[in-house]
Amino acid sequence: MTSADMALPAQDERTMPAVVLRDLDQRPLDHALTELHALTEQYGYVVVVCSQAVPEPVIRRLYTLRSLLESDRIALFRPELPPLGTAVLARQLRQLASCDLSPGVLASAGRLLTHYIHAGAVLGSVARLDRVPVGLKAHAKSWVPGSQFAVVAHPEPQLVKVAPGATLKGPEFSTWMLVAKGQLQTDWIAGLAEAWGPHGLRETPLPAESPRWWGTGRMVEFCSYLADLSVLYQLVTSVRQSRCHWCGLDVIGDLCVFCSATPPVHEPPAPRALEQRTPA
């Protein structure tokens, strides 16, 4: 991770600790280079997970470091998820890191597991939201004092004005829900949790990158996800593996996350249907 607030607490006793590469764009290049080289030597392979709201100087520094190290053992993974969803995905990979998965399969598992993450937010304004399609009417309503909007950015975009009876389509399988509160007061999340029926609801501080991603700090971010390690492991190991023709790692899907090569023969890991949860 590139910031400490994206390193969520361990889900269980087997979850591997996160390593935070702090202030990459502010520290001397040689200090960051030494740190990343030491991590690669210690663990063999490194997967750096960061959101798409990470400042561009940090991303440029990461690519510079990887280039200077001339290493295909460092993967940079920026999933199509909001910051809280990215933090949840990183923790899932930390859970799986305790299992008997090869580095290539573990790294490419992130692309598969994104299909099972439902990530959204309740926003006080959508005037600066550019990650989800926003109609002209919603833009106009966002200027009305007190207006709130509920948005799902992943797996498919949804946007509704918060009002009695308004809801969002949620997962059809058993999940947990994580909530991160920003500068917005709303009781609507409790109703959403009741509709989605998670096993439980937990709270965490709002990631610093979330206001940049959503276009406002007046928000409450939420994420529904799979928490059970056995389910995550079964999903990953049920997908056919192939060998990367460039670096030789076993991978799942149509891309090696370490060297970015596409295996000559590939079958994209289609999301596997999970058993529908029993309505409460």
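Keep in mind that this is a model prediction, so the values were computed, not measured.

K.L.:
How should the nonpolar core be read in this particular structure?
P.N.:
Generally speaking, a soluble globular protein has its nonpolar side chains buried in company with each other. L96, L123, L129, W214 and V236 are the most contacted members of the largest nonpolar core, which has 51 residues in total. Counting only elements with at least two residues in this core, the list comes to α3 (83–96), α4 (103–113), β3 (118–123), β4 (149–154), β6 (176–181), α7 (210–214), β8 (219–225) and α8 (229–237). By residue number, the principal contributor to this core is α3, which donates 7 residues. Of the domains in this structure, domain 1 (29–116 + 228–252) and domain 2 (119–225) are the two that each give at least three residues to this core.

K.L.:
How should the side chain of T86 be read in this particular structure?
P.N.:
Tracing the backbone through its elements, the reader meets T86 in helix α3. Sequence-distant contacts of T86, that is, excluding residues within four places in its chain, are made with M6, V49, C50, S51, P79 and L81.

K.L.:
Can you help me understand the side chain of Q11 in this one?
P.N.:
Topologically, Q11 is positioned in the segment before α1 (29–43). Judged by its relative accessible area of 17%, Q11 falls in the buried class. Within the structure, Q11 has its side chain in polar contact with the side chain of R91 (distance 3.1 Å). Setting aside residues no more than four positions away along its own chain, Q11 makes contact with R91, Q95, R202, Y225 and A227.

K.L.:
I'm lost on the packing of α3 against α4 in this one. Help?
P.N.:
Think of two packed helices as two axes; the pair is described by the angle between the axes and how far apart they sit. Orientation of α3 relative to α4, taken along the N-to-C sense of each, is 135°, at an axis distance of 10 Å. When the axes of α3 and α4 are compared, the pair comes out oblique. For the pair α3 and α4, the sense of crossing is right-handed. In this structure, α3 contributes L89, Q92, L93 and L96 to the contact, and α4 contributes L106, A109, G110 and L113.

K.L.:
Looking at this structure, how should I read the layout of surface pockets?
P.N.:
In this approach, a probe sized like a water molecule rolls over the atoms, and the result shows the empty space that is left. What the largest pocket holds in volume is close to 690 Å³. Around the largest pocket, the lining is made up of 25 residues, and of these Y45, V46, V47, A97 and L106 lie nearest the centre. Its residues placed into classes, the lining of the largest pocket shows 23 nonpolar, 1 polar and 1 charged.

K.L.:
How do you make sense of the packing of α1 against helix α2 (residues 56–69) when you look at a structure like this?
P.N.:
The geometry of α1 relative to α2 is characterised by a closest axis approach of 10 Å and an angle of 65° between their N-to-C directions. The way α1 lies across α2 gives a crossing that is right-handed. Residues L29, A32, L33, L36 and H37 of α1 pack against R61, T64, L65, L68 and L69 of α2. Class assignment for the residues of the contact of α1 with α2 results in 7 nonpolar, 2 polar and 1 charged.

K.L.:
Explain helix α6 (residues 188–196) to me, please; I cannot follow it from the model alone.
P.N.:
One full turn of an α-helix is made of 3.6 residues, so residues set three or four places apart face in the same direction. For α6, the complete set of buried residues consists of W188, I189, L192, A193 and W196. Down the axis of α6, the smallest arc covering the buried residues is 140°, so these residues share one side. The exposed residues of α6 that point more than 90 degrees off its buried face are A190 and E194. The inward-facing, buried residues of α6 abut β3, β4, β6, β7 (201–205) and β8.

K.L.:
How should I be thinking about α8 in this particular structure?
P.N.:
All buried positions along α8 are accounted for by L229, L232, L235 and V236. Seen from one end, α8 has its buried residues packed into an arc of 130°, which puts them on one side. Here the buried face of α8 lies against α3, α4 and β10 (250–252).

K.L.:
I'm lost on the packing of aromatic side chains in this one. Help?
P.N.:
Each aromatic ring pair is summarised here by two numbers: the centre-to-centre distance and the angle between the ring planes. The tally for this structure, following the rule as stated, stands at 4 aromatic pairs. Both rings, one in W196 and one in F222, keep their centres 5.8 Å apart while their planes meet at 80°; by these two values the pair is edge-to-face. Of the two residues, W196 sits in helix α6 while F222 sits in strand β8, which places them 26 residues apart along the sequence. By relative accessible area, which is 2% here, W196 ends up buried. Above the ring of W176, the side-chain terminus of R202 is found at 4.0 Å from the ring centroid.

K.L.:
Hey, could you run me through the pattern of salt bridges in this one?
P.N.:
Counted by the stated rule, this structure contains 5 salt bridges. Residue D130 is joined to R131 by a salt bridge in which the shortest nitrogen-to-oxygen separation is 3.9 Å. Close ionic contact of K181 with E203 constitutes a salt bridge, the shortest N to O distance being 3.5 Å. With a gap of 22 residues between them, K181 in strand β6 and E203 in strand β7 connect regions that are remote in the sequence. Each member of the pair, K181 as well as E203, carries the same accessibility label: exposed.

K.L.:
Explain the pairing of strand β1 (residues 46–49) to me, please; I cannot follow it from the model alone.
P.N.:
Working note: regular strand, side chains alternate between the two faces of the sheet. As paired strands, β1 and strand β2 (residues 74–77) are joined by 4 bridges and run parallel to one another. Looking across to β2, one finds that V46 is bridged to I74. For the crossover that starts at β1, traverses α2 and ends in the parallel β2, the hand is right-handed.

The rules behind the values
Residues numbered from 1 in each chain as written. Predicted model: local features only at pLDDT ≥ 70, side-chain atom pairs only at ≥ 80, totals over all residues. Heavy atoms only, no water. Core = buried A, V, L, I, M, F, W, Y, C linked by side-chain atoms within 4.5 Å. Buried < 20%, exposed > 50% of the residue type's maximum accessible area, 1.4 Å probe, protein only. Helix = DSSP H or I, 4+ residues; strand = E, 2+ residues; numbered from the N terminus. Domains from an automatic or database assignment. Contact = heavy atoms within 4.5 Å. Polar contact = N/O pair within 3.5 Å; in protein donor to acceptor, adjacent residues only side chain to side chain. Axes fitted to C-alpha atoms, helices over the stretch in contact; angles between N-to-C directions. Parallel < 35°, antiparallel > 145°, perpendicular 65-115°, else oblique. Left-handed = near helix turned anticlockwise from the far one by under 90°. 1 Å grid on protein atoms, 1.4 Å probe; cavity = no way out; pocket = protein on both sides within 12 Å on 5 of 7 lines; lining within 4 Å. Points joined across faces, edges and corners; volume = space filled by probe spheres on them. Nonpolar A, V, L, I, M, F, W, Y, C, P; charged D, E, K, R; others polar. Arc of directions from axis to C-beta. Phe/Tyr/Trp six-rings, centres within 6.5 Å; stacked < 30°, edge-to-face > 60°. Lys NZ or Arg CZ within 6 Å of the ring centre and 35° of its normal. Salt bridge = Lys/Arg side-chain N within 4 Å of Asp/Glu carboxyl O. Pairing = 2+ DSSP bridges. Right-handed = clockwise from strand over helix to strand, strands pointing away.

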